[in-house]
Every structure is written in C-alpha cells, then in structure tokens.
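In case you want the letters, here they are:
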Amino acid sequence: MTHLTKGANTPVPEGLVRVAVCRRSVPGTPVVDASALLLDATGKVRGDADLVFYNQSAHPSGAVRHTGAGEGAGLRAEWLEVDLPRVEPAVQRVLIAGSCDGGVFGQVPGLDVRVLAADGTVAAHYDVTDARNETAFVLGELYRRDGTWKFRAVGQGYDSGLAGLATDFGIAVRDEPAAPAVPDTHAAPAAPAAPVAPADPDPLPLGAGFVPHVQSGRGNGVVTVATPLPPGPVIVEARIEGDEYFCVETLNRRNKKDLTVFNTELPDFHGRALVQPPRDRPLRLNVDYAGAWTITVLPLSAARRLDTRGLTGRGADVIAYTGPVADVRVRFDGGADRDEWLLMNCHEAAHLDDLDRHEMLVNETGRLDQTVPVPDGPLLLVVENGEGHWELTAKPLPVHHPAPDPYAVPSPGPARHSAPDRRPEVSPSALSKESGSRPAGVYEGRGEQTITLVNPRPGRPMLFRYDFPGAEADYTLEVKTVDEYGDETDWLTGAQHGTRGTVVAFRAGEAEQTVRVRHTGEWALSLLPEEEAPLLTGAVEGEGSAVLRYQGPPMLLTVRRTSGGEHENVAAVALNHPYGKSALIADTDFRRRPALGPVWVDPGGACFVVVRAVEGVKWELEPQPLDAAPVLDGRTRGGWYGVVRHEGPERELVIVGTALTHVFELDENLFPHRQLTASSGPHRISRSLLQVRSLGEWVLELRD
C-alpha cells in the first residue's frame, strides 16, 4: 500500500480499479457522496454526461461507474469503478470528488480516499487531514502520464458544494433548491443537494448497502463472503481472462454444488447475476475455470440504471429500472453465430425475497427486435443468458390529459403564400412559460410554419426527433433551415428521411436554429440530448432514419438494406461536432448489395453516424477494419460504393469507363480531401485509401 501526502502521486495498475471514498461510521455526522468528473485536455468536461455520481451512475462509455455505498469494519464507503483501458482517448483526467450534505467536511471523521486494484489490494491511500468549512472536495485524480495511469492526492476544497465544484469544471448547474439533509443511517445516502444532471430523484430503494467483497484467483477455487450480508439478494459479478469454459455455482449447506450462477464459453467474459445468499451461513461460490478470474459481490445499488437513453451490454447483467409503467425495447444481435439464446426476467421489488417469483420477458434465439411491457419500478431486469450484444431502451407510457390544450399552436391560414411568411415564430420557451404543460425542447403545430429551435445546451449538438403523422414519404414534406438572410437550405424531406425519425440539430453547437416546416397536417418535433443516441460498438440493425454515436478511431463501415422495395434506399453519413462537417459513408443506391464506406473521425470532435431511410426500411451497419478494403492491382473492378487500398509506390491511376464514377482520396482521418474523376485523369496517387462512388460498375487501372 502507498500512503500519499497532499500533492504526491503514484502509478496505479492498468485495468479496472475501484476507488473508495471512506470515513468513519459515526452517527449524526454529515453524509458524504462520491462523484467522478471526466476532463479533457482543457481541464473541462465535454458535457453533463462526464459527471458520474449517485443519480447518474454510469458514463455512456461504460468506463466509469458509481457502484453504491457500503458499511463495515467501522467505516462507511462510497464506491466508484474506473475501467482504465476503456477511458476514451480524449479524457486526460478522472477527478475523484466528494460532496458533503448536512454539514461541512471539517465535521467528517476519518475522511480518506483509496484506490484498489482488481484483486482488492490497495494501490494508493490518501488521508484528508486539513478539511474545515468545505462542502465539496476534489480528493484526488487519476491521470495519464507517458502511456500509463497515475493517481495524485489533490485535497482541494470548495465551500459551494458539488454545484460549485461542477461549475468550475464546465457543468451547467440548474438553479434549483437544495435537497433536505438526510441523517446518517444505514440507508443509502441521499442525492447531492443541487441536481447537476438529469437523473432519478431518489437512491435505488431495493436493498441495504455493504462494502463489496472482491476475490481473485487462477484455476478452480472457492469464494467465501465471511462478512454478514444484509437480507435480500446481491449482485455477483465475474471477470475472466481467456476463452476457456467458465462456471460458477453456489455451495449448499453440505458444501455441494447447488445453483448455477454463470455458465459460459464467452472469451474475456464480464457479467453479473442475481444471487440470494443463505441467511444462516456465509455465501460460498465454487469457481470452475482454468485461467485468471475475479469475483465481486455487490449491493443492488451497483446495478446499472435503465432509462430513456438506453443501455447496451453483452451477456449476463442485472439492471435496475425505477421509472413509471413503460415498454422496454429489446434488441439482440444473436451472438457470433446469430442463433444464441436471450433470456431476460423481471423481478419486482415486492418479491425480491423469492427469486423464483419473477416474470419472463424474453426467451428467444437469434436476432430480435421486440418490445415488452414492465410495471412501475423499482424493479430489476436480469439478463440471465445472452451470449451476444443487446440493447434495452425504456419508453414510459404517455400520460393523456382529457382536457384540450388551450395553448395549442393555432392552425395557420392557407398552406402557402407568395409573400414572405410573417407569422410569429414558435419557441418552446414561450409555450412552457404560459402553460407549464409542454416541456422545453418540444414543438408541436399544424401546417406550414417557421420555428426557432432553441439549443438547451449551447456549444453541443442535439438530436432532433420528428413525426409527421399521416404524411406521405415524398417531397411534399420538407423541413429547411433558414439563415439570417431568409435563404433556405434543404435539411430533411419525406422522400429521403421518411415521416418520422431522428437527425442531428445544432451540428456546430449553435445557440439557435431557424427552420421552416412545409407540411399541411400536424407535426411534432422534439430536441433530445446527444447521449440518447446509442453507441455504435458492433454490428447493429435498425429501421428508418436514426443517429448513432461512435467513439473510436477512423474505420470502415458496411451499410446494407435488409428490407424494403426496389425504390427504397439507405444512406449513411459521418458527421463530426463541433465543426458541423459531414462526409458520406455509403449509399446503397436502391440495392440490397452491401456498400462499404469510410467513417470519418475528427480527433478533436464527436462523431455521429447518421442513417437516412424512410420508416419501414430496415438496415444493418457493421464496422470493418481498414484492411477490409481490397488492394488495388493492375486492373480492379467493382460496382457502386466501395473502398480500395493502394499500398505500393506512387503510381498513375486511370478511372475507366464512365463520368458517373468519382474517386476520393482519403486523409489519415478518412475525410475525402481530394476528388478524382474520369474526365480529369490520369491521376498520380501515393499510398492511401480511396473511396469510390458510382452509379454502376467501375474499373480502376494502375499504370507505371
């Protein structure tokens, strides 16, 4: 163990580390809440999602999580997990902070922060001895240095609480009253005083907390949790290295194998299961594995939260839902062989004392995309078998109000005018101030209108969800952007984007954006945070126009239309914030033939993959490595959209055949920086990737 003084630093192990913010358990002392802030090279967060705390318990990347609180051995701890290899390259520091509710840090006995390796050993320990009147503290930070990670003891205090600390690092804090102080009992601590991100209002009310038990080993072994556990089930988490058969089973009173917890051959498996410990003896688990493993026993508060932003995962997991009655959309890629089995059960809070009392929600093999109903939370969704990638998204049922809305947008006059449109612009702020019934970011109306969209998060992009019920998917439906001179630019049309779907608004982070809706019927538009776009991490299926986030290096992507008629099309575009630039990835050109294209990633921005298709048209995206592009030889043939590689010395390239074929030379970020055509050749090319865009078959010829 390395004991640090203020300002000192020490290396920490690569891999998953656990950070405990600890204090002595003394009744009547203030509650301490732990949080983490992910900072870029400027020392600021990139958005609200870069704050992880009790009510926003996981970062979208999955690299940082708040795993709950626990008590034992005279200490009370709040736990954070940081999976260092998964921290995005843009993140340079992960700040470990604490906020004090119901007092100041000078009243907190034995405050310290500890960094634990995956095997439970303490890699760094810093005791805070100079706290006085502060209500928030930066206790320490994990930071990159020369390709490795280190931990530094910081000890910087704030007298403005978590809200003031967060503001210093770029979080926009809402001006709301503080939550009342919560006495320090064995119950989970309350949320921070000032809400700093959208989240559930209350801690997860499903079970008591405790200090997680961590045990690692190699080969067959037995895990024993000697510390008494509170009543109710617990989460058992397993991590392995390698691809051998892995099995974990509980042991009964006679020390015989009883219930199966994990049973998988997934390589480098990481999963969670729900287990009911015995009430009269320690929980014991038998591990059957040839390689290295780590078993962690966690309280239910460590479960990832499901909300409208969705969750992705692979294999077994335990997920908490605390919202109202909802439909949950379940997507599953079918696993490596596309015929794996997905089983998901629902455990309501009232029946957690008997894990056999559950409702089976999904029991299917192969790819699926379906919706299942769930009741009011709190409840647990347990993926018990799913040897593939899955995605869950909660869609709370709408609340219908029988009374008519007196503030509905009035119907306009004639659909079109030869004179300029001088009707007043519709903004969400005006609606919400008058009625209080329509949230900011929601725009509803009928007929042709000009609307000023107001960015709730200036400097960041937003998702723009549109719905034109009853409209035709043709060019009679249009939404155009309008500049300060009144000039219009095409944005979306029914023929290309369908009558409902999602695109990106404020692509350069603008504070406002004016659009003109050209439609004779009703419409509904809404702005959503960019975090609601699912992460593109592997092969994914979808339907209609959609937006996905991509966090990784430049890559190739296969775009395939999997349904729809001969007159229906799918195209994909890479769009990078904050510059607002976009580059076409691929267009299927009304064919079912897959098209390969480049995903341009600007190293200083945030990349979105925007899919354009009408509703009912299904598609599939599949990431590909750069070497998936064929190598140019003397005479290379192909068709429509594709990517090729030139790996030899500088040569002369001739585009044979048609003027409808264009070749784009790509830079190191896969942005098309040079256009080559048949009519302007021959062209000298060096070692590079080339994107071909054509309306038919093409031939590329290399000459000396």
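On a predicted model such as this, the values are computed, not experimentally measured, just so you know.

Draft legend 1. Structural view of the packing of aromatic side chains. Tallying each qualifying case throughout the model produces eight aromatic pairs. Where phenylalanine 246 meets tyrosine 289, the ring centres are 5.5 Å apart and the plane angle is 90°; that geometry is what we call edge-to-face. Linking phenylalanine 246 in strand S16 (residues 246-251) with tyrosine 289 in the loop between strand S19 (283-288) and strand S20 (292-298), this pair joins segments that are 43 residues apart in sequence. The pair formed by phenylalanine 246 and tyrosine 289 is uniform in burial state, with each residue classed as buried. With 4.7 Å between their ring centres and 40° between their planes, phenylalanine 464 and tryptophan 491 make a pair best called tilted. Here the residue phenylalanine 464 occupies a position in strand S32 (residues 462-467), and tryptophan 491 occupies one in strand S34 (residues 488-493), the gap between them amounting to 27 residues. Ring-pair connections join several aromatic residues into one group, and the members of that group are Phe246, Phe262, Phe269 and Tyr289. Cation over ring: arginine 152 sits above tyrosine 143, and NZ or CZ is 4.1 Å from the ring centre. One cation-aromatic arrangement involves lysine 581 over phenylalanine 671; the distance from NZ or CZ to the ring centre is 4.2 Å.

Draft legend 2. Summary view of the pattern of salt bridges. Counted by the stated rule, this structure contains 36 salt bridges. With a closest N to O distance of 2.9 Å, aspartate 317 and arginine 304 form a salt bridge. Of the two residues, aspartate 317 sits in strand S23 (residues 317-321) while arginine 304 sits in strand S21 (residues 304-305), which places them 13 residues apart along the sequence. The exposure classification of aspartate 317 matches that of arginine 304, with both residues buried. Between arginine 329 and aspartate 369 there is a salt bridge; the shortest N-O distance is 2.7 Å. Taken as a pair, arginine 329 in strand S24 (residues 326-332) and aspartate 369 in strand S27 (residues 368-374) lie far apart in primary sequence, 40 residues in all. Salt bridges sharing common partners tie together Arg18, Arg65, Glu81, Glu237, Arg239 and Arg272.

Draft legend 3. Focus on the sheet that holds strand S36 (residues 512-518). Taken in spatial order, the four strands of this open sheet run S31-S36-S33-S34, and their pairing is antiparallel. Every interior strand has two partners, whereas the edge strands, strand S31 (449-454) and S34, have only one. In this sheet, neighbouring strand axes are inclined to one another by 30° on average, regardless of whether the strands run parallel or antiparallel. Note: strand S33 (residues 478-482) against S34, five bridges, orientation antiparallel. Note that in S34 the partner of valine 482 across the bridge is glutamate 488.

Scoring rules and cut-offs
- Residues numbered from 1 in each chain as written.
- Predicted model: local features only at pLDDT ≥ 70, side-chain atom pairs only at ≥ 80, totals over all residues.
- Heavy atoms only, no water.
- Phe/Tyr/Trp six-rings, centres within 6.5 Å; stacked < 30°, edge-to-face > 60°.
- Helix = DSSP H or I, 4+ residues; strand = E, 2+ residues; numbered from the N terminus.
- Buried < 20%, exposed > 50% of the residue type's maximum accessible area, 1.4 Å probe, protein only.
- Lys NZ or Arg CZ within 6 Å of the ring centre and 35° of its normal.
- Salt bridge = Lys/Arg side-chain N within 4 Å of Asp/Glu carboxyl O.
- Pairing = 2+ DSSP bridges.
- Axes fitted to C-alpha atoms, helices over the stretch in contact; angles between N-to-C directions.

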